[in-house]
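# Residue-level structure breakdown
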Amino acid sequence: MLRKLFILPIRFYQAAISPVLAPRCRYDPTCSHYAVEAIEEWGPLKGSWLALKRIGRCHPWGGFGPDPVPRKD
């Protein structure tokens with residue numbers, strides 16, 4: 001239930017805000033999809049931390065290309 005609460009604003013962004021903006025993402029998957037996957041995989045606290053770290057890397061001098069969510073093993 002807590003995961004869904006954390007994912008809800010991301011889904012709103014994906015549906016209402018992202019389509020209006022020009023595509024800018026340097027990574028695959030996009031930062032919003034990464035955030036949803038991270039929260040689903042790791043839970044709301046660690047998933048949010050992973051998403052914030054990813055967003056922090058998303059700048060003109062950062063990386064690009066494939067950057068999947070780390071998986072639990």
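Here the structure is shown first, and the text comes after it.
Below or above, wherever it landed, is the structure these notes cover. (Residues numbered from 1 in each chain as written. Predicted model: local features only at pLDDT ≥ 70, side-chain atom pairs only at ≥ 80, totals over all residues. Heavy atoms only, no water.)

## Digging into the packing of aromatic side chains
To keep it simple, the criterion reads: Any two rings among Phe, Tyr and Trp, with Trp reduced to its six-membered ring, count as a pair given centres within 6.5 Å; such a pair is stacked if its planes are under 30 degrees apart, edge-to-face if over 60, and tilted if neither. In this scheme, the term charge over a ring applies when either NZ of a lysine or CZ of an arginine sits within 6 Å of the ring centre and within 35 degrees of the ring normal.
Evaluated as defined, the whole model comprises zero aromatic pairs. Geometry around Trp42 places Lys46 over its ring, the cationic atom sitting 4.2 Å from the centre. The cationic tip of Arg57 hangs over the ring face of Tyr27; the distance from NZ or CZ to the ring centre is 5.9 Å.

## Regarding the environment of Phe6
In plain terms, the rule: Strands are runs of DSSP state E lasting at least two residues, helices are runs of H or I lasting at least four, and both sets are numbered from the N terminus onward. Only protein chains enter the accessibility calculation, which uses a 1.4 Å probe; a residue whose area is less than 20% of its type maximum is buried, one above 50% is exposed, and one in between is partly exposed. Only heavy atoms enter the contact rule, under which two residues are in contact if any of them lie within 4.5 Å.
Note that Phe6 resides in helix H1 (residues 2-17). Residue classification places Phe6 among the partly exposed residues on the basis of a relative accessible area of 32%. Considered as a pair, Phe6 and Glu40 are 34 residues apart in the sequence and their alpha carbons are 9.8 Å apart. Other than its neighbours up to four places away in sequence, Phe6 contacts Ile39, Pro44 and Ser48.

## With respect to helix H2 (residues 31-42)
Threshold: The span one expects for a helix is its residue count, reduced by one, times 1.5 Å.
Under the 1.5 Å per step criterion, the end-to-end length of H2 is 16 Å for twelve residues, consistent within 8% with the ideal 16 Å. Among all positions of H2, only Cys31, Ser32, Tyr34, Ala35, Val36, Ala38 and Ile39 are buried. Of the surrounding elements, those touching the buried residues of H2 are H1 and helix H3 (44-57). Phi for Gly43, located one or two positions after H2, is positive at around 95 degrees.

## With respect to the nonpolar core
Rule in force here: Here the nonpolar core consists of buried residues drawn from Ala, Val, Leu, Ile, Met, Phe, Trp, Tyr and Cys, with membership extended through side-chain atoms lying within 4.5 Å.
Within the largest apolar cluster, six residues are counted, these being Ile7, Ile10, Ala35, Val36, Ile39 and Ala51. Those elements that provide at least two residues to this core are H1 and H2. The biggest single contributor to this core is H2, with three residues. In contact with Val36, other than residues within four places in its own chain, are Ile7, Ile10, Arg11 and Gln14.

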